[in-house]
Amino acid sequence: MKDPRIQTLAKNLINYSVKLQKGEKVLIENFGLQRELVVALVEEAYKAGGYPFVSLKDVQVDRALLMGAQEEQFNMKADFEANVMKNMDAYIGLRSGDNISELSDVPDEKQKIQGSTVGKKVHRDIRVPKTKWVVLRYPNASMAQLAKMSTEGFENFYFDVCNLDYGKMSDAMDALVSLMNKTDKVRITGEGTDLSFSIKDIPAIKCAGEMNIPDGEVYTCPVRDSVNGTISYNTPSPYQGFTYENVKLTFRDGKIVEASANDSDRINKIFDTDEGARYIGEFAIGVNPYIQHPMQDILFDEKIDGSFHFTPGQAYEDAYNGNDSDIHWDMVMIQRPEYGGGEIYFDDVLIRKDGRFVIPELESLNPENLK
């Protein structure tokens with residue numbers, strides 16, 4: 001028997017996240033063959049009067065393709081997929097897989113081929129700026145294991161997170177957006193962290209269920225050359241099939257001048273991908289009340305209650321600081337007391353301490369007010 005929460009999620013994705021209108025085309029791209037949700041999305045798209053298109057993919061098959069990838073081949077693949085994407089009004093990306101490390105042995109040069117072809121031509125150039133899009137994971141035993149939960153317990157957690165009242169969250173975010181838009185100087189302190197930068201004149205964007213599910217962040221971007229100081233991330237960060245831990249970055253005039261981790265050589269190779277990889281492309285504050293602990297899945301981890309993420313690489317077009325790169329790596333620091341605490345200051349005023357907002361206009365974003 002179909003879980004009714006799946007149909008609720010599909011309805012929310014079609015009608016709230018991408019707001020599919022009569023006659024609009026939506027591409028449903030599924031990594032992992034999660035048929036129940038794909039079928040439900042197709043049904044809801046038809047109910048909305050839209051035209052659903054489905055692309056089914058598999059991570060193991062993608063790995064096989066990448067292991068022998070050639071630039072000419074992936075340029076052709078990018079042209080093919082770009083031709084589809086440019087005809088779409090909306091995009092729903094459903095990700096799932098049994099092995100988070102499936103791509104861990106794909107050589108860096110092959111990963112770069114995919115990023116500079118399909119990643120750029122299809123997603124950065126078309127999907128992100130030109131469609132109504134949302135990306136989400138789908139629960140399975142592998143995700144439950146990473147979250148250190150039973151499979152049933154994780155499924156209940158997943159649907160609580162994904163089906164919460166994002167309209168209420170969106171309203172609560174307005175005050176934070178307004179404050180960020182008036183802020184010049186940001187300072188962040190915590191264990192191993194003392195970081196300062198400017199966000200002056202760069203727009204703040206709220207994310208409340210319209211681009212990611214789960215959701216719950218407000219993002220902007222530092223002025224490119226303004227970042228100075230050190231940050232010590234306290235959340236494991238998977239990237240290209242490898243999980244980085246104890247990442248510490250030191251900035252001078254915007255640039256990462258020192259980087260260390262559990263594999264310092266490997267992380268520095270990533271930051272040497274191109275010039276923009278050593279500059280920051282996003283600063284975001286996470287507020288999802290149901291996500292309390294990291295589970296090595298960035299769509300969840302970047303929304304953790306009491307967290308922020310500080311992202312080397314490509315800046316988003318709607319909060320653009322001039323930085324371009326083939327990477328965009330969301331790395332997370334949690335500031336709740338059990339993770340070491342920490343403070344965020346806007347123009348020398350403390351706005352969040354130990355993961356809780358401490359000024360009246362932002363208290364509606366504390367977790368008890370969003371559930």
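Scroll up a little and you will see the structure.
Presented here is a report on the structure given in the accompanying data block.

The rules behind these values
- Residues numbered from 1 in each chain as written.
- Predicted model: local features only at pLDDT ≥ 70, side-chain atom pairs only at ≥ 80, totals over all residues.
- Heavy atoms only, no water.
- Phe/Tyr/Trp six-rings, centres within 6.5 Å; stacked < 30°, edge-to-face > 60°.
- Helix = DSSP H or I, 4+ residues; strand = E, 2+ residues; numbered from the N terminus.
- Buried < 20%, exposed > 50% of the residue type's maximum accessible area, 1.4 Å probe, protein only.
- Lys NZ or Arg CZ within 6 Å of the ring centre and 35° of its normal.
- Polar contact = N/O pair within 3.5 Å; in protein donor to acceptor, adjacent residues only side chain to side chain.
- Contact = heavy atoms within 4.5 Å.
- Axes fitted to C-alpha atoms, helices over the stretch in contact; angles between N-to-C directions.
- Parallel < 35°, antiparallel > 145°, perpendicular 65-115°, else oblique.
- Left-handed = near helix turned anticlockwise from the far one by under 90°.
- Nonpolar A, V, L, I, M, F, W, Y, C, P; charged D, E, K, R; others polar.
- Salt bridge = Lys/Arg side-chain N within 4 Å of Asp/Glu carboxyl O.

In total, this model carries 16 aromatic pairs according to the counting rule given. Summarising the aromatic geometry, the rings of Tyr-239 and Trp-329 are spaced 4.5 Å apart at their centres and angled 25 degrees between planes, so their arrangement reads as stacked. Taken together, the positions of Tyr-239 in strand E11 (residues 237–239) and Trp-329 in the loop between strand E16 (307–312) and strand E17 (332–334) put the pair 90 residues apart, joining distant regions of the chain. With respect to burial, Tyr-239 and Trp-329 carry one shared label: buried. Each residue in the set Tyr-138, Phe-154, Phe-157, Tyr-158, Phe-159 and Phe-300 is aromatic and connected to the rest through ring pairs, giving one cluster. Lying across the ring of Tyr-279, Arg-224 places its NZ or CZ 3.7 Å from the centre. Its guanidinium or amino end placed over the ring of Phe-357, Arg-352 lies 5.8 Å from that ring's centre, counting from NZ or CZ.

Before going further, it helps to spend a moment on the side chain of Arg-224. Within the secondary structure, Arg-224 is located in the loop between strand E9 (217–220) and strand E10 (228–232). Within polar-contact distance, the side chain of Arg-224 engages the side chain of Asn-323 at 3.0 Å. Leave out the neighbours within four places in its chain, and Arg-224 touches Asp-253, Gly-254, Glu-275, Tyr-279, Asn-321, Gly-322 and Asn-323.

One way to put it is that helix H1 (residues 4–17) packs onto helix H2 (residues 35–47) with a least axis distance of 8 Å and a crossing angle of 50 degrees. The orientation of H1 with respect to H2, classified from their angle, is oblique. Of the two possible hands of crossing, H1 and H2 adopt the one that is right-handed. Listed contacts from H2 to Ile-6, Gln-7, Leu-9, Ala-10, Lys-11, Leu-13, Ile-14 and Asn-15 of H1 are Glu-36, Leu-37, Ala-40, Leu-41, Glu-43, Glu-44, Ala-45 and Lys-47. Looking at the contact of H1 with H2 residue by residue, the class counts come to 9 nonpolar, 2 polar and 5 charged.

Glancing now at the pattern of salt bridges. Enumeration over the complete set of coordinates arrives at 24 salt bridges. Linking Lys-353 and Glu-343 is a salt bridge whose minimum nitrogen-to-oxygen distance equals 3.3 Å. Taken as a pair, Lys-353 in strand E19 (residues 349–353) and Glu-343 in strand E18 (residues 342–346) lie far apart in primary sequence, 10 residues in all. Residue class for Lys-353 comes out partly exposed when judged on its relative accessible area of 37%. Through salt bridges with shared partners, a single network forms among Glu-29, Lys-57, Lys-77, Glu-81 and Arg-95.

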